[in-house]
Amino acid sequence: MNSFRGVFVTGTDTEIGKTLVSAILTKAWTATYWKPLQTGLSDEAGDTSTVKTLATLPPDRIIPPAYALQAPLAPYAAAALENVTINPGRLVLPAVKAPLVVEGAGGLMVPVRSDMMMIDLMRRLDLPVVLVARSGLGTINHTLLSLEALRRRGIPVLGVVLSGPENPGNARDIAHFGNVRILFSVPRLESINETVVSEISGRVPPLCVLQQQNSQ
Ligand SMILES: Nc1ncnc2c1ncn2[C@@H]1O[C@H](COP(=O)(O)OP(=O)(O)OP(=O)(O)O)[C@@H](O)[C@H]1O
Ligand SMILES: C[C@H](N)[C@H](N)CCCCCC(=O)O
Ligand SMILES: [Mg+2]
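Every value quoted in this text rests on a predicted model; they were computed, and no experiment measured them.

Reading the values: rules and limits
- Each chain carries its own residue numbering, running from 1 in the written order of its sequence.
- Chains and ligands are labelled sequentially in the order written, the chains with letters from A and the ligands with numbers from 1.
- In view of the model being predicted, local features appear only for residues whose pLDDT reaches at least 70, and side-chain atom pairs are presented and counted only at 80 or more, with totals across whole chains, interfaces and linings using the full set of residues.
- To obtain the side-chain values, all non-hydrogen atoms of the structure were used and water was disregarded.
- Helix numbers and strand numbers start at the N terminus; a helix is a DSSP run of H or I with at least 4 residues, a strand a run of E with at least 2.
- Put simply, the radius of gyration uses C-alpha atoms, and a globule should come to 2.2 Å times the residue count raised to 0.38.
- Relative accessible area decides the class of each residue, using a 1.4 Å probe on protein chains only: under 20% of the type maximum gives buried, over 50% gives exposed, and in between gives partly exposed.
- Whether two residues are in contact is decided by their heavy atoms, any of which lying within 4.5 Å being enough.
- Only the protein chains shown count as cover for residues, and all accessible areas are computed by the Shrake-Rupley method using a 1.4 Å probe.
- Here a residue is near a molecule or strand as soon as one of its heavy atoms is found within 4 Å of it.
- For this analysis, a polar contact is any N or O atom pair within 3.5 Å, provided that within protein one partner can donate a hydrogen and the other can accept it, and provided that sequence-adjacent residues contribute only side-chain to side-chain pairs.
- One requirement defines pairing of two strands: DSSP has to find at least two bridges between them.
- Ligating atoms shown are N, O and S within 2.8 Å of the metal, or 3.2 Å for Na, K and Ca, and water is not included, meaning a site may look less than complete.
- Among the buried residues, those of types Ala, Val, Leu, Ile, Met, Phe, Trp, Tyr and Cys that are joined through side-chain atoms within 4.5 Å form a nonpolar core.

## What to know about the overall build of the protein
Next, step 1: Scanning the protein from N- to C-terminus turns up eight helices and 11 strands.
Next, step 2: The C-alpha atoms of the protein give a radius of gyration of 16 Å, which matches the 17 Å a tight globule of 216 residues would have.
Next, step 3: Each principal axis of the C-alpha distribution contributes one length, and for the protein these read about 45 × 35 × 35 Å.
Next, step 4: By the burial criterion, 50% of the 216 residues in the protein qualify as buried.
Next, step 5: Across the protein, contacts joining residues at least 24 apart in sequence account for 76% of those joining residues at least 6 apart.
Next, step 6: Taken as a whole, the protein presents about 9,900 Å² of accessible surface, with 53% of it coming from carbon and sulfur.

Listed below in structure tokens is the structure:
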């Protein structure tokens, strides 16, 4: 496992807060950010520009997407609409010194190719996973299902980040039943900017500490 190479940020859903969490982690670990598969550019500026702004990243700490597609769909469907073939050879870890924060698109079982789901890409990149989940009702099921899918494939999980209003009961039960660390929580934010990202990043444990804890 490329343990010290960084993490793969996935989530229990799309629009769950992966980009915000990726910005927080990139800031906290002075990491390099990469969103290999960006879709939905017809609707949004893209996660790369969001993270660049929120984490105040210099250009050399951003890797452009391998694929930047228009339709707000899974990469497999968005690529088909543009007659683009997603080449696995372009979905390999870039050779950078800093730790990488790699962000997926949507959740784990999102089609990338007819023979590849997002979870298969996580396996190929061989990075430990940070799983972003909602904090509220319904999240226990979604989170435990995601953890089961990851563990069945031998994909190490660094921990879970809960996004939304504080919910100590759900945090406790996810940690217990999922046998997983809650890395930190992101409250429901009125405004999202560099200051907030910097403040929350101060609560993130160092990457090397998390990976040492994971290897014990
Ligand atoms: N804690 C939060 N408080 C308030 N708004 C949030 C929070 N987290 C995320 N958002 C907002 O919710 C929307 C979706 O979040 P985000 O883009 O991070 O989702 P995502 O999981 O990265 O989605 P995708 O699968 O497209 O990458 C964004 O407008 C974001 O600013
Ligand atoms: C467009 C969206 N914001 C993401 N980039 C892609 C999400 C794909 C979700 C597919 C699915 O689970 O139904
Ligand atoms: Mg995102």
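## Overview of the site of ligand 1
Next, step 1: In the region of ligand 1, 17 residues are neighbours, and T14, K18, T19, P187 and L189 sit closest.
Next, step 2: Within the backbone of L20, an N or O atom sits 3.4 Å from an oxygen atom of ligand 1.
Next, step 3: Contact distances for ligand 1 include 3.1 Å between an oxygen atom and a side-chain N or O atom of D47.
Next, step 4: Against a free-state accessible area of 630 Å², the protein chains account for coverage of 77% of ligand 1.

## Let's talk about the pairing of strand β6 (residues 100-103)
In summary, the side chains of a regular strand alternate between the two faces of the sheet.
Next, step 1: Residues L100 and V102 point to one face of β6 and V101 and E103 to the other, with burial holding for every one of them.
Next, step 2: Across four bridges, the pairing between strand β1 (residues 6-11) and β6 is parallel. Note on β6: the bridge partner recorded for V9 is E103.
Next, step 3: Note: strand β2 (residues 32-34) against β6, three bridges, orientation parallel. In the sheet register, W34 faces β6, and the bridge partner there is V102.

## Details of the coordination of the magnesium ion (ligand 3)
Next, step 1: Only T19 (OG1), D47 (OD) and E103 (OE) from the protein coordinate the magnesium ion (ligand 3), and they sit 2.0 to 2.2 Å from it.
Next, step 2: Each donor residue of the magnesium ion (ligand 3) belongs to the same chain, with the gaps between them written as T-x27-D-x55-E. With a gap of 56 residues between them, D47 in helix α2 (residues 47-54) and E103 in strand β6 connect regions that are remote in the sequence.
Next, step 3: Judged by its relative accessible area of 10%, D47 falls in the buried class.

## Examining the nonpolar core
Next, step 1: Residues F8, L91, M118 and M122 are the most contacted members of the largest nonpolar core, which totals 39 residues.
Next, step 2: At the level of secondary structure, the elements contributing two or more residues to this core comprise α3 (75-81), β6, α4 (118-125), β9 (129-134), α5 (139-152), β10 (157-163) and α6 (168-178).
Next, step 3: For this core, the element with the highest residue contribution is α4, accounting for five residues.
Next, step 4: When residues no more than four places from it in sequence are discounted, the contact partners of L91 are W34, P36, L37, A66, Y67, I86, V112, M116, L121, R124 and L125.
Next, step 5: V21, I24, V51 and A55 belong to the second-largest nonpolar core, a separate cluster that totals 30 residues.

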